[in-house]
Amino acid sequence: MGFLTGKTALITGAGRAVLQDGSCGSIGYGIATAYAKEGANLVITGRNVKKLEEAKDELEQLYGIKVLPVQADVCAGGDNEATVQNVVKQAMETFGGIQVLINNAQASASGVPLADNTTGQFDLALYSGLYAAFYYMKACYPYLKESHGSVINFASGAGLFGNFGQSAYAAAKEGIRGLSRVAATEWGPDGINVNVVCPLAWTAKLEQFQQAYPDAFKANVKMPPMGHYGNAELEIGRVCVPQSHASDRGGRSERRFKIKALLRLERLAVGTFRTEYRRGDGQPWVQRRDRRIRPHEQFGPRLMQTIECVGDSGGGAPESRDDVTIVHGVLRSDACGKSQLRESR
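Definitions and limits used
Residues numbered from 1 in each chain as written. Predicted model: local features only at pLDDT ≥ 70, side-chain atom pairs only at ≥ 80, totals over all residues. Heavy atoms only, no water. Helix = DSSP H or I, 4+ residues; strand = E, 2+ residues; numbered from the N terminus. Buried < 20%, exposed > 50% of the residue type's maximum accessible area, 1.4 Å probe, protein only. Contact = heavy atoms within 4.5 Å. Areas by Shrake-Rupley, 256 points an atom, 1.4 Å probe, with all protein chains shown as cover. Core = buried A, V, L, I, M, F, W, Y, C linked by side-chain atoms within 4.5 Å. Polar contact = N/O pair within 3.5 Å; in protein donor to acceptor, adjacent residues only side chain to side chain. Phe/Tyr/Trp six-rings, centres within 6.5 Å; stacked < 30°, edge-to-face > 60°. Expected span 1.5 Å × (residues − 1). Bend = angle between axes of the 7 residues up to and from the residue. Salt bridge = Lys/Arg side-chain N within 4 Å of Asp/Glu carboxyl O. pLDDT = per-residue confidence, 0-100.

A.B. asks: Can you walk me through the overall build of the chain in this structure?
C.D. replies: If you tally the helices and strands in the chain, you get nine helices and 15 strands. Taking all 345 residues of the chain together, 54% fall into the buried category. For the chain, the proportion of contacts with a sequence separation of at least 24, taken over those separated by at least 6, is 67%. Carbon and sulfur atoms make up 49% of the accessible area of the chain, which amounts to about 15300 Å² in all.

Next comes the structure, spelled out in structure tokens:
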């Protein structure tokens, strides 16, 4: 039995997609698989009914959970608020509650320079990403407040670093980051935990991007120092799972999880700090907190492959063991339901 048994997660853009080796081929389906393995029931949305039904059949058969697939497309000119309300209404009628909202869906015309972008291309990114997150967060808010639930929104390095040919995509993703920070401020007192994940995973879409726009791919998509792209389920999905258990009331909760991808994680609950692990060219790993950057020592000759957060360690600075860097800390919830990652010092 997983620790999300009995909970319901609503995941946008989670139709079935696989790579040639049979592993999860999209971030949304990777997240859905990771949650299914922990026993969560799922509400999955997308534009392609066939992919949604395939996801339902496979996840229910393999993991014994229930999956509600709902076709939904937030787009320019559509009655988007009604579309999202219908998804949430069906989720509540089927499962009686929503504990986790994951805004993953995003479409865009990548590879198009800013000067060549059309209004339609810009709208495609903003509506499918930023507006969709806005509508789902609004619609789910009453139920997340009731369950002291979690919101996990997906942004991107395209916005953080200004990738060539991704102006519309970057604008949508940076909008999502700003929206998330405001939600964390406003919803923290309600016991709702809000997080942003900026991943780099190898997906079927990335394969298509490489083939369609080889120059833009080469300019923008850099191989992580660890030598491989993130796995949609085992690395991206597993990053999300612990965030869904972070806002339980009644004191302190500790989680143990591993992150084997080079990801930027932002803890956005009220009164907390953000932690970011990254490596610039020739620069040491740094730990970044809001309004402060504090360099750490170089973690040995190998680059970080794992961040491991373990319970109340009482340890000191992050330590390096061969190619594994361990950060000790406590993921805890206070009486107001505000979750925070307190790192040992």
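After that view, the rundown keeps rolling.
A.B. asks: Looking at this structure, how should I read the environment of V88?
C.D. replies: Looking at the element boundaries, V88 is found in helix α3 (residues 80–95). Residue contacts for V88: discarding those within four places in its chain leaves L10, I98, A139, C140 and Y143.

A.B. asks: Where do I start with unusual backbone geometry in this structure?
C.D. replies: Generally, phi is negative for residues other than glycine and the peptide bonds are trans, each holding for most cases. Its identity as a non-glycine residue notwithstanding, H148 has a phi of 50 degrees, on the positive side. One can find H148 in the loop between α4 (119–147) and β5 (150–154).

A.B. asks: So what exactly am I meant to see when it comes to the environment of D57 here?
C.D. replies: Considering the arrangement of structural elements, one finds D57 in helix α2 (residues 49–63). For the pair D57 and V67, spaced ten residues apart in sequence, the C-alpha separation works out to 8.3 Å.

A.B. asks: Sorry if this is basic, but what is going on with the nonpolar core here?
C.D. replies: Core analysis: the biggest nonpolar cluster contains 31 residues, and I11, I31, Y35, L42, L59, I102 and F154 have the highest contact counts within it. The greatest single-element share of this core, amounting to seven residues, is contributed by helix α1 (residues 27–37). The residues contacting Y35, other than those within four sequence positions of it, are L4, A9, A40, L42, V100, I102, I152, C240, V241 and S244. Among the nonpolar cores identified, the runner-up in size contains 26 residues, and A72, V74, M92 and A184 belong to it.

A.B. asks: What should I look at first to understand helix α7 (residues 204–212) in this one?
C.D. replies: Along an α-helix, a turn takes 3.6 residues, which lines up residues three or four apart on a common side. Of the residues making up α7, those classed as buried are A204, L206 and F209. The inward-facing, buried residues of α7 contact α8 (214–220). Capping the start of α7, T203 holds a side-chain oxygen 3.1 Å from the backbone nitrogen of L206, two or three residues further along.

A.B. asks: What should I look at first to understand the packing of aromatic side chains in this one?
C.D. replies: Working definition: an aromatic ring pair is given by the centre-to-centre distance plus the angle between the planes. Counted according to the given criterion, the structure contains six aromatic pairs. Seen in terms of ring centroids, Y141 and W187 are 4.8 Å apart; in terms of plane orientation they differ by 35 degrees. Their pairing is tilted. One end of the pair, Y141, is in helix α4; the other, W187, is in helix α6 (residues 167–187), and 46 residues separate them in sequence. These aromatic residues form a ring-pair network of at least three members: Y127, Y131, F134 and Y135.

A.B. asks: I'm lost on α4 in this one. Help?
C.D. replies: Over its 29 residues, α4 extends 39 Å from the first C-alpha to the last, a length consistent with the 42 Å expected when each residue adds 1.5 Å. Most pronounced at Y141, the bend in α4 amounts to some 50 degrees, and the proline P142 follows within four residues. In the segment just after α4, H148 is the residue with positive phi, at about 50 degrees.

A.B. asks: I would appreciate a short explanation of the pairing of strand β6 (residues 193–198) in the present structure.
C.D. replies: Two faces, one strand: in a regular strand the side chains alternate between the faces of the sheet. Burial of β6 is extensive: six of the six residues sit out of reach of the surface. Residues N193, N195 and V197 point to one face of β6 and V194, V196 and C198 to the other, with burial holding for every one of them.

A.B. asks: Looking at this model, I keep getting lost on the pattern of salt bridges. Mind explaining?
C.D. replies: A side chain with one charge may pair with a side chain of the opposite charge, provided their charged atoms come close. The final tally for this structure, using the stated rule, is nine salt bridges. A salt bridge links K138 to E81; the shortest N-O distance between them is 3.7 Å. In this pair, K138 sits in helix α4 while E81 sits in helix α3, placing the two residues 57 residues apart along the sequence.

A.B. asks: How should I be thinking about the confidence of the model for the chain in this particular structure?
C.D. replies: As a general rule, the predicted coordinates of low-pLDDT regions are not to be interpreted in detail. When pLDDT is averaged across the chain, the result is 74; 70% of the residues are at 70 or more. Predicted confidence for residues 246–345 stays below pLDDT 50, and this span has 243 contacts to residues more than four positions away or in other chains.

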